[in-house]
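Letter by letter, the chains look like this.
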Amino acid sequence: MYLKAISLYNYKSFSEANFDFDTKINCFVGKNGIGKTNILDAIYHLSYGKSYFNPLAVQNIKHGEEFFVIDGTFEKNERTEQIICSLKKNHKKILKRNGKQYEKFSDHIGFIPLVIISPADSDLIVEGSDTRRKFIDSVISQLDATYLQELIQYQKIIIQRNALLKYFALNHVFENNTLSIYNEQLNSLGQRIFEKRKQFLDDFIPIFNKHHQAITGSAESVQLVYESQLFDNNLLTLLQENINKDRALHYTSVGVHKDDLSFEIDHYPIKKFGSQGQQKSFLIALKLAQFEFVKKQSGVKPILLFDDIFDKLDETRVEKIIEMVNDDVFGQLFISDTHPERTENIVKSTHQSYKIFNL
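Residues numbered from 1 in each chain as written. Predicted model: local features only at pLDDT ≥ 70, side-chain atom pairs only at ≥ 80, totals over all residues. Heavy atoms only, no water.

S.K.: With reference to specific residues and values, describe helix α3 (residues 129–141).
M.R.: Taking 1.5 Å of rise per residue, the 13 residues of α3 would be expected to cover 18 Å, and the 18 Å separating its terminal C-alpha atoms lies within 8% of that figure. Those residues of α3 lying buried are R132, R133, F135, I136, D137, V139, I140 and S141. Those residues of α3 that are buried are in contact with α2 (123–126), α4 (145–171), α5 (176–216), β10 (260–265) and α9 (276–298). (Helix = DSSP H or I, 4+ residues; strand = E, 2+ residues; numbered from the N terminus. Expected span 1.5 Å × (residues − 1). Buried < 20%, exposed > 50% of the residue type's maximum accessible area, 1.4 Å probe, protein only. Contact = heavy atoms within 4.5 Å.)

S.K.: For the environment of D307, give the residues involved together with the corresponding values.
M.R.: Within the fold, D307 resides in strand β12 (residues 303–307). With a relative accessible area of 4%, D307 lands in the buried category. Along the chain, D307 and E150 lie 157 residues apart, while their C-alpha atoms are 32 Å from each other. Leaving out residues up to four positions away in the same chain, D307 has contacts with T37, L40, F53, I117, S118, P119 and S336. Among the polar contacts listed, one links the side chain of D307 to the side chain of T37, at a separation of 2.7 Å. (Polar contact = N/O pair within 3.5 Å; in protein donor to acceptor, adjacent residues only side chain to side chain.)

S.K.: So what's going on with the sheet that holds β10? Which residues, and what values?
M.R.: Sheet architecture is open: three strands sit in the order β9-β10-β11, paired in antiparallel fashion. Of all the strands in the sheet, just β9 (222–227) and β11 (268–269) have a single pairing partner and so form its edges. For β10 and β11, the ladder comprises two bridges, and the chain directions are antiparallel. Residue pairing for β11: E264 is matched across the bridge by P269. (Pairing = 2+ DSSP bridges.)

Shown next as C-alpha cells:
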C-alpha cells in the first residue's frame, strides 16, 4: 500500500499544491515554517480523518479562506483508492472514499494504516493520562472496529451519566434505578475495553522493549505499565462504591476513562527522571513498536511519517533507522527536514528509490 499523489486546497499554509510520490521514500526539505509538516499532517488527515497537530478542525483552513480540501490517491491491494477530506466553515467535515461519503468517520479508521513520529510526540510524556489513553486507543482502533465502536458507546454513556449526576445535584433528587441502568451498561462495555487494552499491552510491550534495546544498545531499563482501576475490581462494584463521591463531584470518577499508561525508566517516571535523550529514545521505540504491531496484525506495512526527527536524533539513532529502511522493514516513508544535503545523504545511504521536494 502506498500514497501515489496528493492535492491540497486552502489547507493550512497552502492555497493549492500537488505532489506525485515515490513508492518508497519522499522527503520535504526547506526552512522552518515553509509548510513541510503541513504536508505530513495532510497525509495523516487522510488516514485518521483529523489533524495530528491541531484538534480544532476549522483552524486547518488557510487564513482568509472558507474551506479546505485534501485529495489523496492510494494504491492498495492492486486497487486505486481515492480518499478526500474536506471542511467548509460552519459545516461538518466530510470524508469520502471513491466518491462515497462515510456516514461515520470511525468506519474509515484502519483502512489506511499510518504511523507518525514527530517532536509533538513529547506530549505523550508531558501531558495527562488522556493523551496516553488516546495512543492506546488509536493503535487498537486501527485494527479492531468493534473496539472503536465500544469505546464511542462507552464515552456517550459517561456523558449521559454525568449529565444525570448534575441533574440530581441541581434538583436535589436521586434515582438509583435510573443510575443503575447506566452502571450496568458501563460495566459491560468497560470490562471489554479493559480486557482488550490489557491484551494489547501484553502483546505490545515485548515489541517496545525490543526496539528500545536496539536503539539504546540495552543501556537503559525502561518500563511501560498499564494502570487501571479494573485490576482491583469490576466496574459495577467500583461505581457502586464511589456513588457518594460521584454525586459530590457531579461526574463519574471511576472507569476505563481513567486508565493510564505509565512511562518509566528504572521504575521511576521518565517525565521527571529521564534526560531529553532518554525520552527521545523511549518515544521513538514506542512509535516503531506501533509500526511493527500494526504491520503484524494487519499484514500491511503502514505509511510512516518522520516529522523533523533528524534534527532531534544523534548519529547512532539515525543509523538504526537507516538500518531498518535497508532491511525493508518499512513500506512508504515520508520525511521532513530543514537540511537538504543531510537528507539526501541519509536517503542515498538506504539504496532505495526516493524523491526530494524542495519547498
